[in-house]
Amino acid sequence: MIPTLSECLFFDTETTGLNPWAPTTRCRGLGFLDGADGTHTYLDLDDGCTDRLEPFLALLGERFIVAHNLHYDLAVLRRLGVELPPTERWHCTLTLARLAGPRLPEFGLKPLCVRLFNEGDDDEDQELRQWAKTNKVPVAQRYAKAPQELLSRYCLKDVALVGKLWGRLRNHLQKPKVAEAYAREILVLKELLKAEERGQLINLKQLKMVEEELSRLAAQHQETIFATCGYRFNTNSTGELAEALYGAGLPTRFTKTGKRSTAKGALHAAAKTSPIAEMVLKLREVLKFRTYCTGFRKFMRGPVLACTFDALGAKTGRFSSSNPNLQNIPRPDEKGAALIRFLFVPRPGAVLVTADYSQIELRIIAMYAQDTRMLELLRAGGDIHKATAEALFGTATKDLRQVAKSANFLLGYGGTADKLQSYLGNRKQITLKEAREFVRAYHSKFPGIARLAGQCMGEVARTGGITDVLGRFYPVPSTLAYASVNYLVQGTCASILKHAIIRLGPLMEAIKATMVSFIHDEIVIDTIALPDDTMLEIQRLMEVQVPGITVATPVEMAVCALNWAKKEPFVYRTAPEVETIHA
């Protein structure tokens, strides 16, 4: 059912911060528009008195609720202790705009309204900015500091725009593909809010120890660099670092703008002959992990990390997260993963259960490529990278398996010989000629993979984007046509994960568990220890094939009794026989 304007309650919240779950963020006011009679109301909440919400709550239980960033506003309501209505009555103009008009350059409320009906570049915001300037308040803090008289006018104007935008966009829900994707996003939103409200427990004692050790290592690496150079300098300064590196007589590498490069690739190349470059790489790695730790502290409620997820945050359709960005946490097989992951711990008396799609990106690449050999290797199970190495080289040493793994991902996404050379150069010396020969051999063994990139770039040239098997269109700029396979595969993987989240929702309620994070292709569940049958049910629900997906999507389960880094694989049954894959 697509609600009419008269059946809707349009609302917007005004807060002191961008992270609704942060302890420092408080709600200053709430504005709403009753679509039935057109009445605009603003509630001043500066004194923290939630009794003032009564007029809004009286309508909340009767109307369809509509906001532009419903995710944010519902999180604010939860912080205020408000019980949310059923998801059947949730609507979001931001989500609908993203799905119905993916080619639009911006999806913020004001830019959308200016573009669609030349309205939204309003006097109220200019009034707030002028007030901030006059009172010497940073512009970014204008909503937190402005007097309620100004804030209320601004808020009610936004609410009116939400109502107008809904009237313009609602008819897109008559399109089956848009309606299906929209319904899925709303159901996923329900689970995201639960995850964010629950948060993830961090071992504060371990966090402090890790921070101190990383700071010690960073200082040690810096002193080694200074001792090697013979003088002290700012290692964060590109210019000073370049002088230290290339002043010692190393062959100079330049950026596109003609400056001496201190990028990762240049440092890896220089590290073969320069101890300074090698030590700078180690320093940067230590500083990167220390940044994770210090970043966590900014977004914690006591020992709980408050993160915000966005199911449509990435252009490829992948999940994004902020405050902090957990998507940057290294994968389990990447360097430094254990260092960060062991900070995430279960609550007392509970465990973390992880459910991770196995090699899903390669499976989706093979599905779109319709590459017979790759599909056969996947169907056979086992170590796909080892099998690829054996297919290419006749054997699979540790080094050759790593080369095959790099090729599977890089060439699967349409990478070229020079990129392969650059990527492998960090681990294995390889010339461009050797890289080209390797690419030819790979494409000879897996011809479907070779064709996929060309097919995707051709579609981008014809349509301005790529459409996945589920019918979702992803705009791809012509300058990024080479990355079109990435959009296609990442978007499809995200849709599979979203279907799984929705299927798991009722089970989580039944067993009183909560999905607390969605990182890469992995779901982490905060729960009491589960019997084998329940673990199997989680696995089964995630492995149900999504319509249009013609490859199996097996899931690896594990239990983390101590922390996220220490996984005990769940083994109860052999992998199910893979359904027929059409190649």
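Residues numbered from 1 in each chain as written. Predicted model: local features only at pLDDT ≥ 70, side-chain atom pairs only at ≥ 80, totals over all residues. Heavy atoms only, no water.

Focus: the confidence of the model for the protein
Inference 1: Per-residue pLDDT for the protein averages 89, and the proportion of residues at 70 or more is 96%.
Inference 2: Overall, residues 575-583 carries pLDDT values under 50, and its contacts beyond four positions in sequence, including any with other chains, amount to 14 contacts. (pLDDT = per-residue confidence, 0-100. Contact = heavy atoms within 4.5 Å.)

A look at the pairing of strand β14 (residues 514-519)
Inference 1: Summarising burial for β14: 6 of the 6 residues are buried, a large majority.
Inference 2: Counted along the chain from β14 to the antiparallel partner strand β15 (residues 522-527), the turn is 2 residues long, and its residue His520 has a positive phi close to 55°. (Buried < 20%, exposed > 50% of the residue type's maximum accessible area, 1.4 Å probe, protein only. Helix = DSSP H or I, 4+ residues; strand = E, 2+ residues; numbered from the N terminus. Pairing = 2+ DSSP bridges.)

What to know about the packing of aromatic side chains
Inference 1: Under the counting rule described, the total for this entry stands at 13 aromatic pairs.
Inference 2: Each ring, one from Tyr442 and one from Phe446, has its centre 4.9 Å from the other, and the planes form 50°; the classification is tilted. Each member of the pair, Tyr442 as well as Phe446, carries the same accessibility label: buried.
Inference 3: Here a set of aromatic residues connected by ring pairs shows up, and it is made of Phe393, Phe438, Tyr442 and Phe446.
Inference 4: Seen from the ring of Trp564, Arg341 lies directly overhead, with NZ or CZ sitting 4.1 Å from the centre.
Inference 5: For the cation-ring pair, Lys498 lies above Phe319, with the distance from its terminal atom to the ring centre recorded as 5.9 Å. (Phe/Tyr/Trp six-rings, centres within 6.5 Å; stacked < 30°, edge-to-face > 60°. Lys NZ or Arg CZ within 6 Å of the ring centre and 35° of its normal.)

As for the pattern of salt bridges
Inference 1: Taken as a whole and judged by the stated rule, the model has 28 salt bridges.
Inference 2: Salt-bridge contacts for Arg26 lead to Asp46; the nearest nitrogen and oxygen are separated by 3.2 Å. Linking Arg26 in the loop between β1 (8-15) and β2 (27-34) with Asp46 in the loop between β3 (39-44) and α1 (54-60), this pair joins segments that are 20 residues apart in sequence.
Inference 3: Taking the shortest distance from any N to any O, the salt bridge between Lys498 and Glu185 comes out at 2.9 Å. (Salt bridge = Lys/Arg side-chain N within 4 Å of Asp/Glu carboxyl O.)

With respect to the packing of helix α9 (residues 204-229) against helix α12 (residues 275-298)
Inference 1: Between α9 and α12, the least distance of the axes is 9 Å, while the angle of their chain directions is 155°. Accordingly, the angle class assigned to the pair α9 and α12 is roughly antiparallel. α9 and α12 meet at a crossing whose hand is left-handed. (Axes fitted to C-alpha atoms, helices over the stretch in contact; angles between N-to-C directions. Parallel < 35°, antiparallel > 145°, perpendicular 65-115°, else oblique. Left-handed = near helix turned anticlockwise from the far one by under 90°.)

Details of the packing of helix α16 (residues 384-393) against helix α17 (residues 398-412)
Packed helices, taken two at a time, are described by their axes: the angle between them and the distance between them.
Inference 1: For the pair α16 and α17, the least separation of the axes is 8 Å and the interaxial angle reads 100°. With respect to their mutual orientation, α16 and α17 come out roughly perpendicular. Side by side, α16 and α17 meet where Ile384, His385, Lys386, Thr388, Ala389 and Phe393 of the first sit next to Leu400, Arg401, Val403, Ala404, Lys405, Asn408 and Phe409 of the second.
Inference 2: Of the residues contributing to the contact of α16 with α17, the split by class is 7 nonpolar, 3 polar and 3 charged. (Nonpolar A, V, L, I, M, F, W, Y, C, P; charged D, E, K, R; others polar.)

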